[in-house]
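Listed below are the residues making up each chain.
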Amino acid sequence: QVQLVESGGGLVQPGGSLRLACAASVNMFSISTMGWYRQAPGKERELVARITSGGNIDYADSVKDRFTISRDNTKNTVYLQMNSLKPEDTAVYYCQRRLGGLSPLWGQGTQVTVSS
């Protein structure tokens, strides 16, 4: 079954860290662009970070220098290391896979809550 499964979300205090993982049950993972998006209540879904097959990386300005995206093609997994978390990082975080002309594939999301 083709799917993306996110894990690693939870409740963390401001200034804390979390590491999200997205396990992809897809073909051609290594040539896919993988991304992390988030959606806070009442807001639109937004790009957090993405990494291409060649290792090119983009970050949202709001997470630069705090978040790091990486991928392990041997495990078909993409990660998002989140440090110095802020309350405004609270959202459901989604993994996305893009490959050529195929429709984007989304995971079910994982909740991240930053609160004291």
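Everything numeric in this text was worked out from a predicted model, so none of it was measured.

A.B. asks: A description of the nonpolar core should follow, citing residues and the corresponding values.
C.D. replies: Formed by 28 residues in total, the largest nonpolar core has its most connected members in Trp36, Leu80, Met82 and Tyr93. Looking at this core, the elements that each hand over two or more residues are strand 3 (18-25), strand 4 (33-39), strand 5 (46-51), strand 7 (67-72), strand 8 (77-82), strand 9 (91-98) and strand 11 (110-114). The element contributing the most residues to this core is strand 3, with four residues. Those residues in contact with Leu80 that sit more than four places away from it in its chain are Leu18, Arg19, Leu20, Trp36, Val48, Ala49, Phe67, Thr68, Ile69 and Tyr93.

A.B. asks: Hey, could you go over the state of the cysteines for me, with residue numbers and the actual values?
C.D. replies: With the rule as written, the count across this model stands at one disulfide. With a sulfur-sulfur separation of 2.1 Å, Cys22 is cross-linked through a disulfide to Cys95. What sets the handedness of the Cys22 and Cys95 disulfide is the S-S torsion sign, and at about -80 degrees it is left-handed. Linking Cys22 in strand 3 with Cys95 in strand 9, this pair joins segments that are 73 residues apart in sequence. Accessibility expressed as a relative area gives 0% for Cys95, which makes it buried.

A.B. asks: For the packing of aromatic side chains, give the residues involved together with the corresponding values.
C.D. replies: All told, the structure shown has two aromatic pairs when counted by the stated rule. Plain terms: the ring middles of Tyr37 and Trp106 are 5.0 Å apart, the flat faces sit at 65 degrees to each other, and that makes the pair edge-to-face. Here the residue Tyr37 occupies a position in strand 4, and Trp106 occupies one in strand 10 (residues 105-106), the gap between them amounting to 69 residues. Residue Tyr37 is classed as buried on the basis of its relative accessible area, which comes to 12%. Pairing Tyr94 with Trp106 gives two aromatic rings, centres 6.4 Å apart and planes at 90 degrees, and the pair type is edge-to-face. Remark: Trp106 occurs in strand 10 and Tyr94 occurs in strand 9; sequence separation between them is 12 residues.

A.B. asks: Go over the environment of Asn76 with me, naming the residues and quoting the values.
C.D. replies: Mapped onto the fold, Asn76 is located in the loop between strand 7 and strand 8. Through-space distance from the C-alpha of Asn76 to that of Val26 is 8.0 Å; in sequence the pair is 50 residues apart. With residues up to four places along the chain from it excluded, the contact list for Asn76 reads Cys22, Ala23, Ala24, Val26 and Phe29.

A.B. asks: Residue-level account of the side chain of Arg71, with values.
C.D. replies: Residue position: Arg71 is located in strand 7. Of the side chains with opposite charge, Asp72 lies nearest to the buried Arg71, which makes no salt bridge, at 8.4 Å. Of the polar contacts made by the side chain of Arg71, one reaches the backbone oxygen of Thr52; its length is 3.1 Å. Not counting residues up to four positions away in its chain, the partners in contact with Arg71 are Phe29, Ser30, Ser32, Met34, Ile51, Thr52, Ser53, Thr77 and Val78.

A.B. asks: I'd like a description of the pairing of strand 9, backed by residues and values.
C.D. replies: Along a regular strand, successive side chains alternate from one face of the sheet to the other. By the criterion of burial, strand 9 is predominantly enclosed, with six of the eight residues buried. Where strand 4 meets strand 9, seven bridges bridge the pair, whose relative direction is antiparallel. Across the sheet, Met34 pairs through a bridge with Arg97, a residue of strand 9. Examined bridge by bridge, strand 9 and strand 11 share three bridges and lie antiparallel to one another. Paired with Tyr93 across the bridge in strand 11 is Thr110. Strand direction decides the pairing type here: strand 9 and strand 10, joined by two bridges, are antiparallel. Paired with Gln96 across the two strands is Trp106, which belongs to strand 10. Taking the residues between adjacent antiparallel strands as the criterion, strand 9 and strand 10 are bridged by six residues, where Gly100 takes a positive phi near 55 degrees.

Thresholds, definitions, all that
Residues numbered from 1 in each chain as written. Predicted model: local features only at pLDDT ≥ 70, side-chain atom pairs only at ≥ 80, totals over all residues. Heavy atoms only, no water. Core = buried A, V, L, I, M, F, W, Y, C linked by side-chain atoms within 4.5 Å. Buried < 20%, exposed > 50% of the residue type's maximum accessible area, 1.4 Å probe, protein only. Helix = DSSP H or I, 4+ residues; strand = E, 2+ residues; numbered from the N terminus. Contact = heavy atoms within 4.5 Å. Disulfide = S-S within 2.5 Å. Phe/Tyr/Trp six-rings, centres within 6.5 Å; stacked < 30°, edge-to-face > 60°. Lys, Arg positive; Asp, Glu negative; His and termini not counted. Salt bridge = Lys/Arg side-chain N within 4 Å of Asp/Glu carboxyl O. Polar contact = N/O pair within 3.5 Å; in protein donor to acceptor, adjacent residues only side chain to side chain. Pairing = 2+ DSSP bridges.

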